[in-house]
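What follows is the residue order along each chain.
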Amino acid sequence: MIGFVSGQLQDLVYKQGQAGINKATVTITFDNKDKKHGPIGYHHCDEITIRRQIIVNGRNSYTINGSTATNSKVSDFFRSVGLNVNNPHFLIMQGRITKVLNMKPHEILGMIEEAAGTKLYEAKRILTINTINKKQTKVDEIEKLIAEDILPQLHQLQKDKQNYLDYNNCDREIERQERKLTAFTYYASLLNANECDKQAAEKAEEIEVLGRELQEIEAVLEEQQSDLTSAEDAKKLRHLEAYSKLEEGVATELAKIEACDEEKRECKESFGETLTEYEEKRKSLDAEIKEMKKKEAALIKWENEIGSKEQAFKTAEELAIKAREKLNAVAQGMTTDDSGNAISVEEQITGIIF
């Protein structure tokens, strides 16, 4: 078997596409007449053709029997029949026999599983479990997103919807009530208009009656105006007579006022002289009061001195009386007690003993 190793896929194209050839294609055809050992899903095909095409600066493409397939689908196809191109144990080369003989039991088991084609399902199971775990994580994230973000927004939208419906209901109800109000206003306006027409007719009749009454009143006013003119003329005449009398009385009163003013001036002059005399007497009286206060203070001082001398005289007089009594008692052979009473010497001794 010849192997070809390339660092880049473009190396598989002739001169890397510089010679005008920009793609490379490889095709493998398998005989599938033995349906028992054929791959699943291809029992109706006698031949299976797998084709890979590489395009410079393009993408790779795989086809199975002319149908576009993915890389993983092609890999699964080979592994389903025991051909793992990534780990080729289905064909043991001469230099790998010793390595195979020295394999550990679990490595031999893996090689047998790959050769039997069951390794594919184990890998698929692991891949599926990983995919399920990833999907479950994604589902958990989605559920969390739904619970934390979408459901609150949904509830809010439901509330907004309900509020909107309530608003529409209220709006329709308001519109209906406005129509009722308009109809009622129109009906009330008609009634008011009819009532106003009736009142206008009544007022017109009243105006006619008032016009006639006004004419009568104007006639009466003209008569009263003429009477008033006559009364004013008579009143003016009476006022002139009263005014002349009042002028005479005013002249008399003015003369009296002048006499009173003269008397007032005389009284002011007399009052000024009296006030001067009063001021002089008041000053003299103040001087006498000050002198009287000085004499009164001297008198009080003298009385205090006399009182102290009288008290000393009374004390001396009492002492003299006691001394005289004591002298008389001694002359009689007696003595005096603390109260100044005369007692004998024997009585004094007896009192001291008892």
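Residues numbered from 1 in each chain as written. Predicted model: local features only at pLDDT ≥ 70, side-chain atom pairs only at ≥ 80, totals over all residues. Heavy atoms only, no water.

For the protein chain, the name recorded in an unreviewed UniProt entry is RecF/RecN/SMC protein, with Oesophagostomum dentatum as its organism.

On to the layout of surface pockets, then. Rolled over the atoms, a probe as big as a water molecule pinpoints where empty space is left. Roughly 260 Å³ of internal volume is contained in the second largest pocket. Residue lining of the second largest pocket: 18 residues in total, with Asn32, His37, Gly38, Pro39 and Val81 positioned closest to the centre. Every element with two or more residues in the lining of the second largest pocket is listed here: strand E1 (23-31) and helix H1 (71-80). Within the lining of the second largest pocket, the residues separate by chemical class into 9 nonpolar, 5 polar and 4 charged. (1 Å grid on protein atoms, 1.4 Å probe; cavity = no way out; pocket = protein on both sides within 12 Å on 5 of 7 lines; lining within 4 Å. Points joined across faces, edges and corners; volume = space filled by probe spheres on them. Helix = DSSP H or I, 4+ residues; strand = E, 2+ residues; numbered from the N terminus. Nonpolar A, V, L, I, M, F, W, Y, C, P; charged D, E, K, R; others polar.)

Tallied over the full model, the rule gives 3 salt bridges. Where lysine 203 meets glutamate 206, a salt bridge forms, and the shortest distance between an N and an O atom there is 3.7 Å. Taken together, the residues lysine 203 and glutamate 206, both in helix H4 (residues 119-331) and 3 residues apart, mark about one turn of the helix. (Salt bridge = Lys/Arg side-chain N within 4 Å of Asp/Glu carboxyl O.)

The next thing to look at is the sheet that holds strand E3 (residues 61-64). The pairing of strands in a sheet comes from backbone hydrogen bonds and takes either a parallel or an antiparallel form. Read across the sheet, 4 strands follow the order E1-E2-E3-E4 without closing on themselves; strand pairing throughout is antiparallel. Two strands bound the open sheet, and with one partner strand each, they are E1 and strand E4 (67-69). The mean inter-strand angle of the sheet, taken between neighbouring strand axes irrespective of direction, is 25°. As paired strands, E1 and strand E2 (residues 47-55) are joined by 9 bridges and run antiparallel to one another. Directly across from alanine 24, in E2, lies its bridge partner isoleucine 54. (Pairing = 2+ DSSP bridges. Axes fitted to C-alpha atoms, helices over the stretch in contact; angles between N-to-C directions.)

Let us now look at the nonpolar core. With 10 residues, the main nonpolar core is built from Tyr42, Cys45, Ile48, Ile50, Tyr62, Ile64, Ala69, Val74, Phe77 and Phe78. Of all elements in the fold, only E2, E3 and H1 reach the threshold of two or more residues within this core. A total of 3 residues in this core trace back to one element, the largest contributor, which is H1. Ignoring sequence-local partners within four residues, the contact set of phenylalanine 77 consists of Pro39, Tyr42, Ile48 and Ile50. (Core = buried A, V, L, I, M, F, W, Y, C linked by side-chain atoms within 4.5 Å. Buried < 20%, exposed > 50% of the residue type's maximum accessible area, 1.4 Å probe, protein only. Contact = heavy atoms within 4.5 Å.)

For the rest of this paragraph, the subject is the side chain of threonine 63. When you line up the elements, threonine 63 lands in strand E3. If sequence neighbours within four positions are ignored, threonine 63 has contacts with Thr49, Ile50, Arg51, Thr68 and Ala69.

Here we come to the environment of leucine 12. In this structure, leucine 12 sits in the segment before E1. For leucine 12 and valine 56, which are 44 residues apart along the polypeptide, the C-alpha to C-alpha distance reads 9.5 Å.

Time to look at the UniProt feature "coiled-coil region" (unreviewed entry) in the protein chain. With numbering aligned to this structure, UniProt lists the feature "coiled-coil region" (unreviewed entry) at residues 200-234 and 268-312. The distance separating the terminal C-alpha atoms of residues 200-234 is 49 Å; by composition the span is 100% helix and 0% strand. (UniProt positions renumbered as here; feature names shortened; annotations may be inferred.)

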